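Listed here are the chains, written in short residue letters.
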2 protein chains.
Amino acid sequence: MRAVSIIGASMTQFGALKDRTLRDLIVEAGEEALRDAGLGPEAIDMLVVGNMAAPVLGGQNHLGPFAAAALGMPDVPAVHVEAACGSGGAAVREAVLAVSAGAADSALVIGVEKLTGPATGEITQALACAADVDTEVQVGTSFASLLAMATRRYMYELGTTREELAAVAVKNHRHGLLNPKAHLRKAVTLEDVLNAPMVADPLTRFDCSPISDGAAAVVVCARERARDRHARPIDVLGHGAGAQAISLHDLPTLTEMGSSVRAGQVAYRMAGLGPAAIDVAELHDGFTIVELLALEGLGFFDKGEAGAASYAGLTALEGPRPVNPSGGLKSKGHPVGASGVAQVYEIVHQLRGTAGERQVAGAEVGLVHSIGGSGATCVVHILGRGF
Amino acid sequence: MRAVSIIGASMTQFGALKDRTLRDLIVEAGEEALRDAGLGPEAIDMLVVGNMAAPVLGGQNHLGPFAAAALGMPDVPAVHVEAACGSGGAAVREAVLAVSAGAADSALVIGVEKLTGPATGEITQALACAADVDTEVQVGTSFASLLAMATRRYMYELGTTREELAAVAVKNHRHGLLNPKAHLRKAVTLEDVLNAPMVADPLTRFDCSPISDGAAAVVVCARERARDRHARPIDVLGHGAGAQAISLHDLPTLTEMGSSVRAGQVAYRMAGLGPAAIDVAELHDGFTIVELLALEGLGFFDKGEAGAASYAGLTALEGPRPVNPSGGLKSKGHPVGASGVAQVYEIVHQLRGTAGERQVAGAEVGLVHSIGGSGATCVVHILGRGF
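As a starting point, this report considers the structure included with it. Everything numeric here is computed off the predicted structure, so don't read it as measured data.

Examining the interface of chain B and chain A
Across the contact, 52 residues belong to chain B and 52 residues belong to chain A. The junction of chain B with chain A conceals about 3800 Å² of combined surface from both sides, 56% of it contributed by carbon and sulfur atoms. At the boundary of chain B with chain A, the tally comes to 6 salt bridges. Our enumeration of links across chain B and chain A arrives at 26 residue pairs in polar contact (both at pLDDT 80 or more). If you list the elements that add at least two residues to the side of chain B that touches chain A, you get helix H2 (54–58), helix H3 (63–70), strand E3 (78–82), helix H4 (87–100) and strand E8 (234–243) of chain B. A total of 6 residues in the side of chain B that touches chain A trace back to one element, the largest contributor, which is H4 of chain B. Classifying every residue of the side of chain B that touches chain A gives 31 nonpolar, 13 polar and 8 charged. Relative to E3 of chain B, strand E3 (residues 78–82) of chain A runs antiparallel, the two being bridged by 3 bridges.

Listed below in structure tokens is the structure:
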């Protein structure tokens with residue numbers, strides 16, 4: 001398997017971007033990633049687009065060639081990958097696999113989502129497509145209600161408190177304040193989280209990531225070329241995909257996310273590293289409970305201890321185990337197909353040492369963790385400084 | 001790059017399958033491909049699903065885990081690939097790349113589409129998502145009208161006659177009569193094609209593939225394992241992706257499909273073979289014109305000569321250059337995401353020598369060609385007997 005590096009990364013502003021189209025977002029992110037890589041479109045020989053909802057909400061499918069044309073590279077082979085909220089992470093991995101296999105030398109990955117515009121009910125319906133429509137959606141569940149059930153069970157079995165859960169949101173909002181591209185740049189207190197409108201008991205509005213528009217892009221290339229092309233290449237040290245049942249009612253347990261455990265194991269093994277070697281991580285926190293499950297599934301904390309660790313500040317920017325310095329999906333925003341790619345963007349900058357006010361000092365190895373649905377899809381990448 | 005083989009293949013009946021759901025089709029095709037491979041679900045370490053319209057027409061997305069759960073392999077990492085009518089071919093290629101890169105040893109690919117049920121206008125709208133929605137669909141074009149324009153130009157520039165074009169449909173319908181799984185098992189004459197209701201001048205109903213439901217599946221694995229696992233493994237000798245502008249009005253010419261030319265070149269180079277070595281081919285014929293463009297783009301005939309060659313019977317089952325022995329999309333049916341995978345199924349059986357009445361005698365090397373949209377996506381696989 002050929003080694004792969006990342007030589008370009010970008011993200012647009014995340015938010016409710018009323019005046020930006022899907023095409024606008026693709027062009028902005030794609031062109032900026034190419035500029036960052038110092039490459040023109042003619043140097044790219046594959047395009048991968050991560051997106052979930054454009055066919056349903058925007059009436060646009062065949063998103064590979066759609067994006068290629070928008071970027072002025074219509075003759076570059078392009079494919080669209082969908083894995084619900086994990087679409088971005090899955091798209092990055094497809095590009096890494098293509099370069100590893102030698103089918104491409106330099107691939108551009110674009111994660112993009114244009115969610116706002118339609119009525120909220122229509123957006124929620126489009127997102128619910130990621131659950132089993134027959135057995136979950138048709139009986140009235142949404143992702144908030146599914147994850148609320150998992151949260152209740154987790155709190156019941158492991159004794160985690162509502163305050164410990166809320167600490168995840170407080171921390172990520174604090175980090176997001178330092179990120180000029182974040183959707184919700186707003187400090188929140190524990191009381192704010194606890195007293196916010198209830199979405200699905202026990203999850204309040206601040207336990208849930210927002211509905212956002214945005215795009216992010218990365219350029220991956222064969223490592224043997226990366227050194228010549230960029231002064232600060234970032235190496236893909238390992239990657240792995242993990243899975244679990246799409247339906248919550250088919251899971252053997254709600255207190256452990258098997259997909260994260262397995263994806264992490266595969267990625268750690270490939271990288272030849274364990275959790276202790278990770279200096280900084282971007283973890284999926286579409287709902288606060290998911291960050292706790294990820295912290296445990298990836299081996300950062302023992303089972304049942306992630307809540308207390310979060311409450312104690314261990315996962316804060318200045319703590320020993322910094323998680324979601326970007327603000328996470330919670331504060332930075334969650335434009336579904338873009339989220340996983342934007343996580344990679346954040347870790348690339350952390351490892352380059354260019355993350356500004358939210359820099360984790362001396363970060364050399366980072367981990368990116370993307371989830372789709374209530375955990376059915378998980379993709380993990382481990383990145384390391386290549387300079 | 002690790003060599004890859006195909007050790008299992010299946011397809012369901014294609015047709016208007018009113019009483020079959022998306023899930024039913026996935027299970028039937030997936031289980032049959034595993035049986036053909038002699039493997040249980042536990043032997044599969046990756047699943048790729050090719051589908052275009054389920055999110056829009058069926059409200060179901062996150063199709064990787066959806067299919068994995070349906071097949072009783074919920075913990076197998078799964079991803080959904082979309083490339084319009086080329087989704088199936090693109091899905092096969094993603095699996096081949098993953099096995100080549102060493103990220104999977106044995107991958108199951110499922111192409112599936114459930115189109116019938118909704119009103120015809122709704123189906124047409126869902127399929128039109130593969131064109132550029134802003135500049136093509138919003139001004140009232142459909143794929144039939146886009147390809148009709150290409151046909152007109154092709155006939156004008158190259159002198160191909162309406163009868164020569166119709167010969168493609170006549171030939172593929174004749175082949176489809178020999179395929180018990182084909183949707184439209186109906187002999188048609190040149191007069192039938194010419195006198196059928198006009199869809200978009202000059203294309204009549206018999207120049208257009210039908211709206212079908214169906215699924216197909218293949219099992220790909222590392223070649224080093226294939227010999228032990230199956231008595232008649234089929235090797236992936238080469239593969240390539242090609243692209244061109246998504247919008248017809250952005251193409252440099254309508255009389256040559258650049259995506260097919262480029263995908264063919266890449267695949268031929270990898271296989272170390274040229275068009276003369278191909279014994280049998282399944283080419284995309286969603287509209288009759290596309291088969292002519294493919295025959296020329298892949299080097300089987302010189303530019304402008306494919307129509308006369310088809311009319312002369314050179315591409316018939318018993319001719320020197322047999323094309324679409326399965327009946328093609330035209331007669332076999334075109335359940336979008338399934339079509340590209342079903343093309344592979346056909347070539348696998350041709351090379352195994354198990355294609356029954358439609359067997360091309362002594363076929364040792366075959367080519368599969370899948371198109372998305374009006375040509376923006378093209379994926380080519382070259383397969384060879386591995387026994």
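Section: helix H10 (residues 258–271) of chain A
All names here are of chain A. For H10, built from 14 residues, the straight-helix expectation of 20 Å at 1.5 Å per residue is met to within 8% by its first-to-last C-alpha distance of 20 Å. Taken together, the buried positions of H10 are occupied by Gly258, Ser259, Ser260, Val261, Ala263, Gly264, Ala267, Tyr268 and Ala271. Against the buried residues of H10 lie strand E8 (234–243), helix H11 (288–297), strand E10 (365–372) and strand E11 (377–385). Where H10 ends, the next residue or the one after it, Gly272, has phi of about 70°, a positive value.

A closer look at the environment of Val236 of chain B
Residues and elements named next belong to chain B. Checked against the element boundaries, Val236 lands in strand E8. Residue classification places Val236 among the buried positions, given a relative accessible area of 9%. Sequence separation of Val236 and Ser209 is 27 residues, and the distance between their C-alpha atoms is 28 Å. Discounting chain neighbours no more than four positions away, the residues touching Val236 are Val4, Ser5, Ile6, Val96, Arg223, His381, Ile382 and Leu383.

Regarding the environment of Phe206 of chain B
By the secondary structure assignment, Phe206 of chain B is in the loop between strand E6 (203–204) and strand E7 (214–222). Setting aside residues up to four positions removed in sequence, Phe206 of chain B forms contacts with Ala169, His173, Lys186, Val188, Asp192, Val193, Ala196, Thr288 and Lys330 of chain B.

Details of the relation of the copies chain B and chain A
When chain B is fitted onto chain A, the two copies agree to an RMSD of 0.0 Å after a turn of 180° and an axial shift of 0.0 Å. Such values leave the two copies arranged in the relation of a two-fold axis.

Some remarks on the pattern of salt bridges
On inspection of all chains with the given rule, the structure shows 40 salt bridges over all chains. Ionic pairing is found between Arg262 of chain A and Asp75 of chain B, a salt bridge with its closest N-O pair at 3.4 Å. Of the two residues, Arg262 of chain A is situated in helix H10 and Asp75 of chain B in the loop between H3 and E3; the pairing between them involves two chains. Residue Arg358 of chain A is joined to Glu346 of chain A by a salt bridge in which the shortest nitrogen-to-oxygen separation is 2.8 Å. With a gap of 12 residues between them, Arg358 of chain A in the loop between helix H14 (336–352) and E10 and Glu346 of chain A in helix H14 connect regions that are remote in the sequence. One exposure class covers both Arg358 of chain A and Glu346 of chain A, and it is buried. Each member of the salt-bridge network shares a partner with another, and the members are Arg2, Asp105 and Glu224 of chain A.

A look at helix H5 (residues 120–128) of chain B
Every buried residue of H5 of chain B is listed here: Ile123, Ala126 and Ala128 of chain B. Looking at the buried side of H5 of chain B, the elements it contacts are H2 and helix H6 (143–158) of chain B.

Considering the pairing of strand E10 (residues 365–372) of chain B
Residues and elements named next belong to chain B. A large share of E10 lies buried, amounting to 8 of its 8 residues. Going residue by residue along E10, you find Val365, Leu367, His369 and Ile371 tucked away on one face and Gly366, Val368, Ser370 and Gly372 tucked away on the opposite face as well. Taken together, the 3 bridges between strand E9 (residues 280–282) and E10 define a ladder with parallel strand orientation. Note that in E10 the partner of Val280 across the bridge is Gly366.

Notes on unusual backbone geometry
At the junction of Asp201 of chain A and Pro202 of chain A, the peptide bond is cis and its omega measures out at 10° in the coordinates. You will see that Ala84 of chain B, though not glycine, has its phi angle at about 55°, which is positive.

So, the pairing of E3 of chain A
Residues and elements named next belong to chain A. Counting buried positions along E3 gives 5 out of 5 residues, so the element sits mostly inside the fold. Where strand E2 (residues 46–50) and E3 come together, 4 bridges link them in parallel fashion. What sits directly across from Leu47, in E3, is Ala78.

Remarks on the environment of Ala16 of chain A
All names here are of chain A. The topology assignment puts Ala16 in the loop between strand E1 (4–11) and helix H1 (22–37). The exposure class of Ala16 is partly exposed, given its relative accessible area of 40%. Separated by 198 residues in the primary sequence, Ala16 and Gly214 place their C-alpha atoms 8.4 Å from one another. Leaving out residues up to four positions away in the same chain, Ala16 has contacts with Thr116, His183 and Asp213.

Focus: the side chain of Ser331 of chain A
Tracing the sequence through the fold places Ser331 of chain A in helix H13 (residues 328–332). Each residue touching Ser331 of chain A, except ones within four places of it in the same chain, is listed here: Asn172, His173, Gly176, Ala182, His183 and Leu184 of chain A.

Description of the packing of helix H7 (residues 162–176) of chain A against H11 of chain A
Residue and element names in this part refer to chain A. Relative to each other, H7 and H11 sit at 100°, their axes nearing to 8 Å. In terms of orientation, H7 lies roughly perpendicular with respect to H11. Along its contact with H7, which presents Leu165, Val168, Ala169, Lys171 and Asn172, the element H11 presents Thr288, Ile289, Glu291 and Leu292. When its residues are assigned to classes, the contact of H7 with H11 shows 5 nonpolar, 2 polar and 2 charged.

Points about the side chain of Lys330 of chain B
Residue and element names in this part refer to chain B. Tracing the backbone shows Lys330 in helix H13 (residues 328–332). Nearest to the buried, unbridged Lys330 among oppositely charged side chains is Asp285, at 7.2 Å. There is a polar contact of 2.9 Å between the side chain of Lys330 and the side chain of His173. A distance of 3.3 Å separates the side chain of Lys330 from the backbone oxygen of Cys208, its partner in a polar contact. Setting aside its immediate chain neighbours within four residues, Lys330 contacts Ala169, Asn172, His173, Leu184, Arg205, Phe206, Asp207, Cys208, Ser209, Pro210 and Asp285.

Basis of the calculations
Residues numbered from 1 in each chain as written. Chains lettered and ligands numbered in written order. Predicted model: local features only at pLDDT ≥ 70, side-chain atom pairs only at ≥ 80, totals over all residues. Heavy atoms only, no water. Contact = heavy atoms within 4.5 Å. Buried area = accessible area lost by both parts, 1.4 Å probe. Salt bridge = Lys/Arg side-chain N within 4 Å of Asp/Glu carboxyl O. Polar contact = N/O pair within 3.5 Å; in protein donor to acceptor, adjacent residues only side chain to side chain. Helix = DSSP H or I, 4+ residues; strand = E, 2+ residues; numbered from the N terminus. Nonpolar A, V, L, I, M, F, W, Y, C, P; charged D, E, K, R; others polar. Pairing = 2+ DSSP bridges. Expected span 1.5 Å × (residues − 1). Buried < 20%, exposed > 50% of the residue type's maximum accessible area, 1.4 Å probe, protein only. Least-squares fit on C-alpha atoms with pLDDT ≥ 70 in both. Axes fitted to C-alpha atoms, helices over the stretch in contact; angles between N-to-C directions. Parallel < 35°, antiparallel > 145°, perpendicular 65-115°, else oblique. Lys, Arg positive; Asp, Glu negative; His and termini not counted.

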